[in-house]
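Observations on chain architecture
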Amino acid sequence: ATHIGGVTIHSWSGIGIKEKLSSGDLLANVGRKKIRKNIERANTLIIDEVSMLSGETFSMVDEVCRSVRENNLPFGGIQVILVGDFFQLPPVSRGKERLLFAYESDAWKELNPVVCYLTEQYRQRDKIFLSALSAIRANTFGESHRLSVLSRMREYEDVPKDIPKIFSHNVDVDKINAEKLSGLPEKLVSFRMESIGPKALVEFLRRGCLSPEQLDLKKGASVMFTK
């Protein structure tokens with residue numbers, strides 16, 4: 001989204017983290033200069049990962065667009081392009097209650113979008129692996145898929161050395177990286193993060209930065225750049 005100046009739908013529409021919109025909320029949104037500008041100027045609204053958007057939130061965005069544009073067509077007459085896979089991530093929820101998918105909302109039904117299915121797979125060419133992925137997606141994972149996955153399993157010690165490894169916790173990543181770095185014969189050189197600017201903003205950026213505050217390197221180390 002950053003490449004095309006995109007933002008979250010919650011920020012763009014001004015609904016923020018609200019779960020319901022009162023008439024007062026709608027009036028406030030209509031009066032906000034930035035939100036009016038967003039919605040009045042929009043010709044096309046593209047919502048990515050739409051499966052993560054609850055029916056309630058989808059309806060709120062529709063309601064705000066109609067109010068700001070003073071147009072009772074779905075989304076105030078803005079062309080809407082929805083992208084996503086409803087077999088993947090479900091709507092974001094703070095609690096355990098079941099949230100409606102976007103397509104279950106009245107706003108979706110009134111919008112009545114043309115549905116286009118992508119049938120070609122470009123990300124994977126391994127038919128066995130693709131079969132397992134498709135079975136997980138459709139909840140049809142069977143014994144043949146399980147055996148296929150098990151046949152690929154190895155003890156950690158038997159994993160080839162020069163392949164990427166993925167871990168669920170950063171502490172495990174840091175441990176492996178430190179081991180690799182210590183195995184290099186060259187001299188260790190350390191670099192400290194530098195920053196300028198308002199203290200609160202600097203602290204916010206520091207907390208969200210993927211790079212370490214102290215970067216230890218050796219000649220011959222593999223380096224990944226973060227932005």
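Before going into details, it helps to say that this report is about the structure given with it. Small disclaimer: the values here were computed from a predicted structure and weren't measured.

**Re the overall build of the protein**
A count of helices and strands for the protein gives 9 helices and 4 strands. Secondary structure elements of the protein occur, N-terminal to C-terminal, as α-α-α-β-α-β-α-α-α-α-β-α-β. For 227 residues, the compact-globule estimate of 2.2 N^0.38 gives 17 Å, and the protein exceeds it by more than 25% at 24 Å. Projected onto its principal axes, the C-alpha positions of the protein cover 70 × 55 × 35 Å. Within the protein, the proportion of its 227 residues that are buried is 21%. Taken as a whole, the protein presents about 18200 Å² of accessible surface, with 56% of it coming from carbon and sulfur.

**Quick word on the packing of helix H3 (residues 33–41) against helix H4 (residues 55–69)**
As a packed pair, H3 and H4 sit with axes 9 Å apart at the nearest point and diverge in direction by 90°. Here H3 lies roughly perpendicular to H4, going by the angle between them. Residues Arg 36, Ile 39 and Glu 40 of H3 lie in contact with H4, whose contacting residues are Val 64, Cys 65, Val 68 and Arg 69. The residue makeup of the contact of H3 with H4, split by class, is 4 nonpolar, no polar and 3 charged.

**Comments concerning the packing of aromatic side chains**
If you walk through the whole model with that rule in mind, you get 7 aromatic pairs. Both rings, one in Tyr 103 and one in Trp 108, keep their centres 6.5 Å apart while their planes meet at 75°; by these two values the pair is edge-to-face. Residue Trp 108 is classed as buried on the basis of its relative accessible area of 14%. Aromatic ring contacts, followed pair by pair, group Phe 58, Phe 75, Phe 86, Phe 101, Tyr 103 and Trp 108 into a single cluster.

**Here's the deal with the nonpolar core**
If you look at soluble globular proteins, the nonpolar side chains tend to sit buried side by side. Counting 24 residues, the largest nonpolar core has Trp 12, Ile 39, Leu 45, Phe 58, Val 61, Phe 75 and Ile 78 as its most contacted members. Setting aside anything within four residues of it in sequence, one finds Phe 75 in contact with Leu 45, Phe 58, Val 61, Asp 62, Cys 65, Arg 66, Arg 69, Val 80 and Leu 111.

**Things to note about a nonpolar patch on the surface**
A cluster of nonpolar side chains, namely Phe 129, Leu 133, Ile 136, Phe 141, Leu 147, Val 149, Leu 150 and Met 153, defines an oily patch on the protein surface of about 730 Å² accessible area. Taken together, the elements giving at least two residues each to the nonpolar patch come down to helix H6 (127–138) and helix H7 (143–152). Mapping Leu 133 onto the fold places it in helix H6.

**Details of the pattern of salt bridges**
Scanning the entire structure with this criterion turns up 7 salt bridges. Residue Arg 36 pairs with Glu 40 through a salt bridge whose shortest N-O separation is 2.4 Å. Of this pair, Arg 36 and Glu 40 both sit in helix H3, 4 residues apart, which is roughly one turn of the helix. Take Arg 36: its relative accessible area is 24%, and that puts it in the partly exposed class. When its relative accessible area of 41% is taken as the criterion, Glu 40 is described as partly exposed. In this structure, Glu 203 and Arg 206 form a salt bridge, with 3.1 Å as the shortest nitrogen-oxygen distance. Here Arg 206 and Glu 203 lie together in helix H9 (residues 199–208), a separation of 3 residues that amounts to about one turn. Here Arg 206 falls in the partly exposed class, since its relative accessible area comes to 26%. Each of Asp 62, Arg 66 and Glu 110 takes part in one network of salt bridges that share partners.

Definitions and cut-offs
Along each chain, numbering runs from 1 in the same order as the chain's sequence is written. Totals for whole chains, interfaces and linings use all residues, but because this is a predicted model, local features are given only for residues with pLDDT of at least 70 and pairs of side-chain atoms are given and counted only at 80 or more. The basis for every side-chain value is the complete set of heavy atoms in the structure, and neither hydrogens nor water enter the calculation. Each helix is a run of DSSP H or I of at least 4 residues and each strand a run of E of at least 2, with the numbering of both proceeding from the N terminus. We compute the radius of gyration over the C-alpha atoms and compare it with the globule rule, which gives 2.2 Å times the number of residues raised to the power 0.38. For every residue, the accessible area (1.4 Å probe, protein chains only) is compared with the maximum for its type, and the residue is labelled buried under 20%, exposed over 50%, or partly exposed between those bounds. Each accessible area is a Shrake-Rupley estimate made with a 1.4 Å probe; only the visible protein chains count as cover when residues are assessed. Helix axes are fitted only over the stretch in contact, all axes being lines through C-alpha atoms; the angle between N-to-C directions runs from 0 to 180 degrees. In what follows, roughly perpendicular refers to angles from 65 to 115 degrees, roughly parallel to angles under 35, roughly antiparallel to angles over 145, and oblique to any angle outside these ranges. Contact criterion: two residues are considered in contact whenever any of their non-hydrogen atoms come within 4.5 Å of each other. Gly falls in the polar group here, along with every residue not listed as nonpolar (Ala, Val, Leu, Ile, Met, Phe, Trp, Tyr, Cys, Pro) or charged (Asp, Glu, Lys, Arg). A pair of aromatic rings is counted whenever rings of Phe, Tyr or Trp (Trp by its six-membered ring) have centres within 6.5 Å, and the orientation is called stacked for planes under 30 degrees apart, edge-to-face for over 60 and tilted otherwise. Joining through side-chain atoms within 4.5 Å is the link that ties buried Ala, Val, Leu, Ile, Met, Phe, Trp, Tyr and Cys residues into a set, and such a set is a nonpolar core. A patch consists of residues whose relative accessible area exceeds 30% and which take part in no salt bridge; residues with like charges are grouped when within 9 Å of each other, and nonpolar side chains (Val, Leu, Ile, Met, Phe, Trp, Tyr) when within 5 Å. Each salt bridge in this description consists of a side-chain nitrogen of Lys or Arg and a carboxyl oxygen of Asp or Glu lying within 4 Å of one another.

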